[in-house]
Amino acid sequence: MNELPQQLVDGLALGSLYGLIAIGYTMVYGIVQLINFAHGEIFMIGGFGALTTYIWLPSGTSLLVAIPLMIIGGAIASVAVATAAERFAYRPLRGAPRLAPLITAIGLSIALQQIVWGFYPDAKKARSFPQFTGDSFEFLGGDLAIQRADAFVLVLAPLCMLALGAFVAKSRSGRAMQATAQDPDTAKLMGINTDRIIVMAFAIGAAFAAVAAVVYGLDKGQINFEMGFILGLKAFTAAVLGGIGNIYGAMVGGVVLGLAETLSIAYIEDIPGMQQLGGGAWSNVWAFVLLIVVLLVRPQGLLGERVADRA
């Protein structure tokens, strides 16, 4: 149990990463009821956009100066791809049966992976990503060590969440998003450009995914063109766990999922008779077991959906 504070902090950091990615799923679904399975690749493209920005910076640039520029570069790449996908892949299918955009999203996911692989010929290998230097932050007499990348995401994720919540609740565009999510036809009659609002939802989700990609790269020290698949799947799980369409639920679901994954790795193998079901190899299994249990008890997710019934 002396390791519990460390496991909790690690779980919170991992969950915050999932939550940042999950926001993209929940915003798009909340407005157009589309499950954008290509969002994991939008996250991956944000990582490569950030890495490209770093490579273009003058040699010797301080990481503290480089990180904001990397986030901007990654966000530009992610937003450009996400808005292009909305315009040319999803918008023509907006009135089609739901299966059509779903299959399109899966195909787009594969296509984006291959495009990045072609643009970076060695993308199949892990590409080195800059990392924080220096010691971790230590607390509780050294029993609790917070890595700099973890501290970065633990500060950044709540700030992003609060900023987005204030934007949706207080701004004119945010209220237009709420109206479009509730009834897009009536929103059009009230003078709201719903196409612009939908593009904005894709762009905001892509920007948050780019931030998550930079955090992931800083933590792992490497990125690759396949990293979006499993992280995107877990982020989608987090969105469903918290309540699909609920912005705050996406972050809550991500935190719960991150804690469940971290604690299962640390403690399940210590339970008598469960030695074969512990360790990192089973972390994904227990994450989805948690999802199944929550949905059996509360199908609308932890905080509930915020998607209005459409007439």
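Since the structure is predicted, the reported quantities are computational estimates derived from the model, not experimental observations.

Asks: Please set out the environment of Leu63 residue by residue, giving values where relevant.
Replies: By secondary structure assignment, the location of Leu63 is in helix α3 (residues 63-90). What makes Leu63 buried here is its relative accessible area of 17%. Expressed as a C-alpha distance, the spacing of Leu63 and Ala203, which sit 140 residues apart in the sequence, is 26 Å.

Asks: Summarise empty space enclosed by the protein; cite the residues concerned and give the values.
Replies: Summed over the entire model, instances satisfying the criterion amount to one cavity of 30 Å³ or more. Counted as a void, the largest cavity has a volume near 40 Å³. Those elements that place two or more of their residues in the lining of the largest cavity are α1 (4-32) and α8 (194-220). Its residues placed into classes, the lining of the largest cavity shows five nonpolar, four polar and no charged.

Asks: Just give me the short version of the confidence of the model for the protein chain, but keep the residues and values in it.
Replies: Confidence in the prediction of the protein chain, expressed as mean pLDDT, is 88, and 91% of residues score 70 or more. Scored below 50 in pLDDT, residues 307-311 shows 17 contacts in the model against residues more than four places distant or in partner chains.

Asks: Kindly report on the packing of helix α5 (residues 148-170) against α8, identifying the contributing residues and their values.
Replies: Closest axis-to-axis distance for the α5/α8 pair is 10 Å, and the angle between their directions is 170°. Classed by the angle they form, the pair α5 and α8 counts as roughly antiparallel. Each of Ala149, Asp150, Phe152, Val153, Leu156, Cys160, Met161, Leu164 and Phe167 in α5 lies in contact with α8, whose residues at this interface are Met200, Ile204, Phe208, Val211, Val215, Leu218 and Asp219.

Asks: Account for a nonpolar patch on the surface, with residues named and values stated.
Replies: Judged by side-chain polarity, Trp282, Val285, Val289, Ile292, Val293, Leu296 and Val297 come together as a nonpolar surface patch covering roughly 650 Å² of accessible area. With respect to the secondary-structure elements, Val293 resides in helix α11 (residues 283-297).

Asks: Give me the lowdown on the packing of aromatic side chains, citing residues and values where you can.
Replies: Counted under the stated rule, the structure contains six aromatic pairs. Where Trp117 meets Phe225, the ring centres are 5.3 Å apart and the plane angle is 25°; that geometry is what we call stacked. Here Phe225 lies in the loop between β4 (222-223) and α9 (227-242) and Trp117 lies in helix α4 (residues 99-119), a separation of 108 residues in the sequence. The exposure class of Trp117 is partly exposed, given its relative accessible area of 31%. The interplanar angle of 65° and the centroid separation of 6.0 Å between the aromatic rings of Phe132 and Phe152 together place this pair among those described as edge-to-face. Of this pair, Phe132 sits in the loop between β1 (127-128) and β2 (137-139) while Phe152 sits in helix α5, placing them 20 residues apart in sequence. Connected via pairs of aromatic rings, a cluster forms that spans Tyr25, Phe37 and Phe236. For the cation-ring pair, Arg87 lies above Phe88, with the distance from its terminal atom to the ring centre recorded as 5.6 Å.

Asks: I'd like to hear about the nonpolar core, residue by residue, with values.
Replies: Counting 82 residues, the largest nonpolar core has Leu20, Ile23, Met27, Phe43, Tyr90, Leu164 and Leu218 as its most contacted members. The biggest single contributor to this core is α8, with 16 residues.

Analysis parameters
Starting afresh in each chain, residues are numbered from 1 along the sequence in its written order. Only residues with pLDDT of 70 or above have their local features reported here, since the model is predicted, and side-chain atom pairs are shown and tallied only from 80 upward, although totals for entire chains, interfaces and linings are computed over all residues. To get the side-chain values, all heavy atoms of the structure are used, and hydrogens and water are removed first. Secondary structure elements are taken from DSSP: a helix is a run of H or I of four residues or more, a strand is a run of E of two residues or more, and numbering for both begins at the N terminus. Working definition: with a 1.4 Å probe on protein chains only, accessible area under 20% of the residue-type maximum means buried, over 50% means exposed, and in between means partly exposed. Definitions used throughout: a 1 Å grid over protein atoms alone; a cavity as a set of points that fits a 1.4 Å probe which cannot get out; a pocket as an open set with protein on both sides within 12 Å along at least five of seven lines; a lining residue as one with an atom within 4 Å of a point. Grid points are joined across faces, edges and corners, and a volume is the space filled by probe spheres set on the points. Amino acid classes used here: Ala, Val, Leu, Ile, Met, Phe, Trp, Tyr, Cys and Pro are nonpolar; Asp, Glu, Lys and Arg are charged; the rest, including Gly, are polar. Confidence of the predictor at the level of single residues is captured by pLDDT, which takes values from 0 to 100. In this description, contact between two residues means that some pair of their heavy atoms is separated by no more than 4.5 Å. In this description, a line fitted to the C-alpha atoms serves as the axis of each element, helices being fitted only across the stretch in contact, and the angle between N-to-C directions of two axes falls anywhere from 0 to 180 degrees. Each angle gets one of four labels, with under 35 degrees taken as roughly parallel, over 145 as roughly antiparallel, 65 to 115 as roughly perpendicular, and the rest as oblique. For patch detection, residues must exceed 30% relative accessible area and be free of salt bridges, and they are connected within 9 Å for like charges or within 5 Å for nonpolar side chains (Val, Leu, Ile, Met, Phe, Trp, Tyr). Per-residue and other accessible areas follow the Shrake-Rupley method at a 1.4 Å probe size, with only the shown protein chains counted as cover for residues. Definition used for salt bridges: Asp or Glu carboxyl oxygen within 4 Å of a side-chain nitrogen of Lys or Arg. For Phe, Tyr and Trp, where Trp contributes only its six-membered ring, two rings pair if their centres lie within 6.5 Å, and the inter-plane angle classes them as stacked under 30 degrees, edge-to-face over 60, or tilted in between. Any Lys NZ or Arg CZ found within 6 Å of a ring centre and within 35 degrees of that ring's normal is scored as a charge over the ring. By convention a nonpolar core is built from buried Ala, Val, Leu, Ile, Met, Phe, Trp, Tyr and Cys residues, the set being connected through side-chain atoms within 4.5 Å.

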